[in-house]
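The residues making up each chain are set out below.
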2 protein chains.
Amino acid sequence: MEKNNLPIGVFDSGVGGLTVCREIFRNLPNEKIIYFGDTARVPYGNKSQETIIRYSKQIAQFLVNQNVKAIVIACNTASALALDALKDFVDVPVIGVVEPGAVAANKVTRNNRIGVIATAGTISSGLYGRYIRELNPEAQIFGQPCPLFVSLVEEGMIDDPVTIMMIHRYIDGLIEKDDIDTLILGCTHYPLLRTVIAREIGNGITLVNPAYETANALKDLLIREGLESTKKADFHDHDFFVSDGTKKFQEFAKEVLELDIEDAKLKILE
Amino acid sequence: MEKNNLPIGVFDSGVGGLTVCREIFRNLPNEKIIYFGDTARVPYGNKSQETIIRYSKQIAQFLVNQNVKAIVIACNTASALALDALKDFVDVPVIGVVEPGAVAANKVTRNNRIGVIATAGTISSGLYGRYIRELNPEAQIFGQPCPLFVSLVEEGMIDDPVTIMMIHRYIDGLIEKDDIDTLILGCTHYPLLRTVIAREIGNGITLVNPAYETANALKDLLIREGLESTKKADFHDHDFFVSDGTKKFQEFAKEVLELDIEDAKLKILE
């Protein structure tokens with residue numbers, strides 16, 4: 001097959017990376033995706049860098065064996081902790097969600113005070129801050145881990161009093177004390193809380209969705225490397241693999257993302 | 001070494017199984033423990049039976065290689081989904097936390113209406129109900145998954161407005177609608193919420209802690225099989241292994257359980 005028409009590998013710790021797929025479907029309708037969700041070992045957010053790198057390499061190897069032309073790390077934690085290791089490990093281009101999110105946040109901030117909400121692993125990596133300060137040494141970055149958000153989203157508790165209470169607990173200080181004007185939704189699950197967060201924290205704060213920015217960055221990458229697909233992809237051209245629970249994955253895709261994935265396949269990586 | 005003085009293997013998906021260790025330390029001060037917490041793949045509660053059995057066998061093999069005389073599955077989900085598979089897989093006696101919890105609940109109920117709060121995996125296994133109805137065919141069991149409790153405990157949000165709201169959301173129906181008089185805390189993390197749950201749901205409901213009952217069941221097993229240790233164990237005789245994040249494990253042990261584990265070791269199982 002011509003290299004241009006090979007698929008793109010997208011992976012995440014679980015189901016959340018489908019938010020990135022959705023943006024790629026919208027923005028790059030010609031591209032065929034092979035998705036891998038590591039549902040047997042989800043979540044990644046509180047695990048160590050060594051463990052995240054080991055899991056990411058196993059998944060990247062699987063995707064390379066599927067003959068992908070590029071890899072998108074749809075998971076913020078794996079992007080923050082394993083991007084450099086994967087770039088050395090595989091021969092195809094690899095992009096994560098952190099750099100595109102950082103670039104976008106830097107474009108929209110007016111007062112150079114940017115908040116990041118993410119998992120503990122992403123926050124303690126400091127990677128959003130490193131990318132942003134490379135572009136803009138004046139920027140100040142305020143990180144806030146939001147460890148309950150993933151469970152709340154996975155339980156479907158989106159517009160729920162408990163979720164609203166946690167939104168205020170996690171985010172009010174970033175606005176009132178740290179005076180941010182821009183907030184990066186630095187975990188794949190968080191864009192699903194976007195509407196509720198926007199309503200609760202009020203106007204004046206611009207929310208940045210790295211999933212959306214990553215689809216744009218992928219488009220730029222494919223153009224730059226001459227790798228754009230020349231054929232329209234149908235939804236059934238995409239392949240979805242998970243390491244556990246195909247049915248649960250399909251239910252989440254349907255209920256939360258309105259994606260009709262009929263034949264997710266089980267793939268155990270160890 | 002004499003068989004009696006060999007250690008007991010105890011395992012859990014993560015840190016929660018230390019609540020079982022604590023009861024064993026109290027009740028069986030002569031026994032030396034080798035603990036394994038699968039922190040690289042935690043949590044187990046929402047994963048499939050095949051995956052839980054695969055992980056449990058890997059851990060049981062590791063414990064058998066350490067020459068344990070018996071294995072305690074301290075994780076409710078693994079007890080519910082993998083106990084039978086492990087009994088066939090290893091040559092030493094294996095006990096889980098579900099049967100001892102079921103026996104105790106059946107002893108204390110007066111109206112034969114028993115609630116179980118646990119992970120989705122434990123609830124859908126129906127195993128608490130199977131054990132209880134074997135002893136008492138009149139008993140009715142009402143299961144309620146509480147998927148947020150593990151995250152709330154791991155975040156240290158014990159006596160917290162969010163936790164209190166979730167306690168009422170999960171448990172009020174079991175009391176008001178199902179008229180239970182006994183409630184099994186069917187996940188290793190939940191005994192850490194015991195005081196708050198007891199205060200919030202009021203008198204008249206007996207809480208059953210399977211961790212406590214399992215230490216009693218282990219004692220009976222050791223006596224029955226003639227496997228009781230003859231030497232007093234010091235705290236530093238115990239060994240603690242985790243598959244990720246030794247430092248985080250030690251911090252949780254110290255802060256939440258007041259256990260001073262100084263040298264947890266990393267052991268990757270794949």
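Rules and cut-offs
- Throughout this description, residue numbers start from 1 for each chain and increase along the sequence as written.
- As a convention, the first chain written is A and the first ligand written is 1, with the rest following in written order.
- Only residues with pLDDT of at least 70 get local features here, since the model is predicted, and only at 80 or more are side-chain atom pairs given and counted; chain-wide, interface and lining totals rely on the full set of residues.
- Side-chain metrics in this entry use all non-hydrogen atoms of the structure; hydrogen atoms and water are not considered.
- Secondary structure elements are defined from DSSP: runs of H or I of at least 4 residues count as helices, runs of E of at least 2 residues count as strands, and each element is numbered from the N terminus.
- C-alpha atoms define the radius of gyration in this analysis, and the globule rule sets the expected value at 2.2 Å times the number of residues to the power 0.38.
- To sort residues, take the accessible area from a 1.4 Å probe on protein chains only and compare it with the maximum for the residue type: under 20% means buried, over 50% means exposed, and anything in between is partly exposed.
- Any two residues whose heavy atoms approach within 4.5 Å at even a single point are treated as in contact.
- The Shrake-Rupley method, run with a 1.4 Å probe sphere, supplies the accessible areas, and residue values consider only the shown protein chains as cover.
- The charged-residue count follows a simple rule in which Lys and Arg add positive charge and Asp and Glu add negative charge, with His and chain termini not counted at all.
- Where a charge lies is defined by one atom per residue type, namely NZ (Lys), CZ (Arg), CG (Asp) and CD (Glu).
- Joining through side-chain atoms within 4.5 Å is the link that ties buried Ala, Val, Leu, Ile, Met, Phe, Trp, Tyr and Cys residues into a set, and such a set is a nonpolar core.
- Pairing between two strands is assigned when DSSP locates at least 2 bridges connecting them.
- To get an axis, fit a line to the C-alpha atoms, keeping to the stretch in contact for a helix; angles then go from 0 to 180 degrees between the N-to-C directions.
- pLDDT measures how confident the predictor is about each residue, on a scale from 0 to 100.
- Copies overlap after least-squares fitting; the atoms used are the C-alpha atoms of residues with pLDDT of at least 70 in both.
- If the strands point away from the viewer and the path from the first strand over the helix to the second runs clockwise, then the crossover is right-handed.
- Any Lys or Arg side-chain nitrogen located within 4 Å of an Asp or Glu carboxyl oxygen qualifies as a salt bridge.
- Whenever two N or O atoms come within 3.5 Å, that pair is a polar contact, provided that in protein one can donate a hydrogen and the other can accept it, and provided that, for residues adjacent in sequence, both atoms are side-chain atoms.
- Of the two site types, the cavity is a set of points on a 1 Å grid over the protein atoms alone where a 1.4 Å probe fits but cannot get out, and the pocket is an open set with protein on both sides within 12 Å along at least five of seven lines, each lined by residues with an atom within 4 Å of a point.
- Grid points are joined across faces, edges and corners, and a volume is the space filled by probe spheres set on the points.
- Note on residue classes: Ala, Val, Leu, Ile, Met, Phe, Trp, Tyr, Cys and Pro are nonpolar, Asp, Glu, Lys and Arg are charged, and everything else, Gly too, is polar.
- Working definition: a ring pair exists when centres of Phe, Tyr or Trp rings (six-membered ring for Trp) sit within 6.5 Å. Plane angles under 30 degrees give stacked, over 60 give edge-to-face, the rest tilted.
- Any Lys NZ or Arg CZ found within 6 Å of a ring centre and within 35 degrees of that ring's normal is scored as a charge over the ring.

Draft legend 1. The arrangement of the overall build of chain A in detail. Scanning chain A from terminus to terminus reveals 11 helices and 10 strands. The C-alpha radius of gyration computed for chain A amounts to 18 Å, which stays within 12% of the reference 18 Å derived for 270 residues, consistent with globular compactness. Projected onto its principal axes, the C-alpha coordinates of chain A cover approximately 55 × 40 × 35 Å. For chain A, the proportion of its 270 residues judged to be buried stands at 60%. A sequence separation of at least 24 residues applies to 76% of the contacts in chain A between residues at least 6 apart. Carbon and sulfur atoms form 47% of the exposed surface of chain A, whose accessible area is close to 11000 Å². Here chain A carries 28 positive and 37 negative side-chain charges, and the mean point of each set is 2 Å from the other.

Draft legend 2. Just the nonpolar core, in detail. Phe 149 and Ile 197 of chain A together with Phe 149 and Ile 197 of chain B are the most contacted members of the largest nonpolar core, which totals 117 residues. The element contributing the most residues to this core is helix 8 (residues 161–176) of chain A, with seven residues. Leave out the neighbours within four places in its chain, and Ile 197 of chain A touches Ile 117, Phe 149, Ile 167, Ile 171, Leu 183, Leu 185 and Leu 207 of chain A.

Draft legend 3. Region of interest: the sheet that holds strand 6 (residues 140–145) of chain A. Residues and elements named next belong to chain A. Spatially, 6-5-7-8 is the arrangement adopted by the four strands of the open sheet, whose pairing is parallel. On the outer flanks of this sheet lie strand 6 and strand 8 (206–208), each paired with one strand and no other. Taken over all neighbouring pairs, the strand axes of this sheet differ in orientation by 25 degrees on average, direction set aside. For strand 5 (residues 113–118) and strand 7 (residues 182–185), the ladder comprises four bridges, and the chain directions are parallel. When the sheet's bridge partners are listed, Gly 115 is paired in strand 7 with Leu 183.

Draft legend 4. Expanded view of the confidence of the model for chain A. Of the residues in chain A, 100% have a pLDDT of 70 or more, and the chain-wide mean is 95. Scored by ipTM, the complex comes to 0.90, with pTM at 0.93.

Draft legend 5. Structural view of helix 1 (residues 18–27) of chain A. All names here are of chain A. Across the 10 residues that make up helix 1, a large majority, eight, are buried. Turning to helix 1, its buried residues are Leu 18, Thr 19, Val 20, Cys 21, Glu 23, Ile 24, Phe 25 and Asn 27. If you follow the buried residues of helix 1, they end up packed against strand 1 (8–12), strand 2 (33–37), strand 3 (70–73), helix 10 (210–224), strand 9 (239–242) and helix 11 (246–257).

Draft legend 6. How the structure looks around the relation of the copies chain A and chain B. With an RMSD of 0.0 Å, the operation that places chain A on chain B is a rotation of 180 degrees combined with a shift of 0.0 Å along the axis. When the rotation and shift are considered jointly, the pair of chain copies conforms to a two-fold rotation axis. Across chain A, the rotation axis passes nearest the C-alpha of Arg 41 of chain A, at a separation of 2.3 Å. The share of interface residues of chain A whose copies in chain B are also at the interface is 100%, consistent with both copies meeting through the same surface.

Draft legend 7. Inspection of the pairing of strand 1 of chain A at higher detail. All names here are of chain A. Within strand 1, five of the five residues are buried, leaving the element largely enclosed by the surrounding structure. Judged by which residues are buried, strand 1 turns out to be covered on both faces: Ile 8, Val 10 and Asp 12 on one side and Gly 9 and Phe 11 on the other are all buried. Read as a crossover between parallel neighbours, the route from strand 1 over helix 1 to strand 2 is right-handed. For strand 1 and strand 3, the ladder comprises four bridges, and the chain directions are parallel. The residue of strand 3 that forms the bridge with Gly 9 is Ile 71.

Draft legend 8. Representation of the pattern of salt bridges within the structure. All told, the structure shown has 26 salt bridges over all chains when counted by the stated rule. Here Arg 199 of chain B ties to Glu 200 of chain B by a salt bridge, and the two come within 3.0 Å at their closest N and O atoms. The partner of Asp 239 of chain B in a salt bridge is Lys 265 of chain B, with the nearest N and O atoms 3.0 Å apart. Of this pair, Asp 239 of chain B sits in strand 9 (residues 239–242) while Lys 265 of chain B sits in strand 10 (residues 265–266); the two residues are 26 residues apart in sequence, bridging distant segments of the chain. Note on Lys 265 of chain B: relative accessible area 30%, which makes it partly exposed. What emerges from the salt-bridge pattern is a single network uniting Asp 38, Arg 41 and Arg 54 of chain A together with Glu 270 of chain B.

Draft legend 9. Region of the structure containing the side chain of Asp 244 of chain B. Turning to its location among the elements, Asp 244 of chain B is positioned in the loop between strand 9 and helix 11 (246–257). Nearest to the buried, unbridged Asp 244 of chain B among oppositely charged side chains is Arg 54 of chain A, at 6.4 Å. A distance of 2.3 Å separates polar atoms of two side chains, one belonging to Asp 244 of chain B and the other to Ser 48 of chain A. Those residues in contact with Asp 244 of chain B that sit more than four places away from it in its chain are Lys 47, Ser 48 and Thr 51 of chain A together with Thr 39, Ala 40 and Leu 266 of chain B.

Draft legend 10. Region of interest: the layout of surface pockets. Residue and element names in this part refer to chain A. Of the volumes computed, that of the second largest pocket is approximately 380 Å³. For the second largest pocket, the lining is made up of 18 residues, of which Glu 99, Pro 100, Val 103, Ala 217 and Asp 220 are closest to its centre. Counting residues per element, the ones that place at least two in the lining of the second largest pocket are helix 3 (76–89), strand 4 (94–96), helix 4 (98–108) and helix 10. Element by element, the count of residues in the lining of the second largest pocket is highest for helix 10, at six residues. Class assignment of the residues belonging to the lining of the second largest pocket gives a composition of nine nonpolar, two polar and seven charged.

Draft legend 11. Main features of the interface of chain A and chain B. Taken together, the contact between chain A and chain B spans 29 residues of the former and 29 residues of the latter. On inspection of chain A and its partner chain B, the count reaches six salt bridges. In this assembly, chain A and chain B are joined by 17 residue pairs in polar contact (both at pLDDT 80 or more). Listing elements by their share of the side of chain A that touches chain B, those giving two or more residues are helix 2 (49–65), helix 7 (149–154) and helix 8 of chain A. It is helix 8 of chain A that provides the largest number of residues to the side of chain A that touches chain B, a total of five residues. Considering only residue class, the side of chain A that touches chain B consists of 13 nonpolar, seven polar and nine charged.

Draft legend 12. Region of interest: the packing of aromatic side chains. Residue and element names in this part refer to chain A. Tallying each qualifying case throughout the model produces 20 aromatic pairs over all chains. Considering the side-chain rings of Phe 240 and Phe 249, the 6.4 Å spacing of their centres and the 45 degrees angle between planes classify their relative orientation as tilted. Here the aromatic cluster, defined as three or more aromatic residues joined through ring pairs, consists of Phe 25, Tyr 35, Phe 235, Phe 240 and Phe 249. Against the face of Tyr 55 rests Arg 41, its NZ or CZ located 3.7 Å from the ring centre. Here the guanidinium or amino end of Lys 265 rests over the ring plane of Phe 241, the centre of that ring lying 5.3 Å away.

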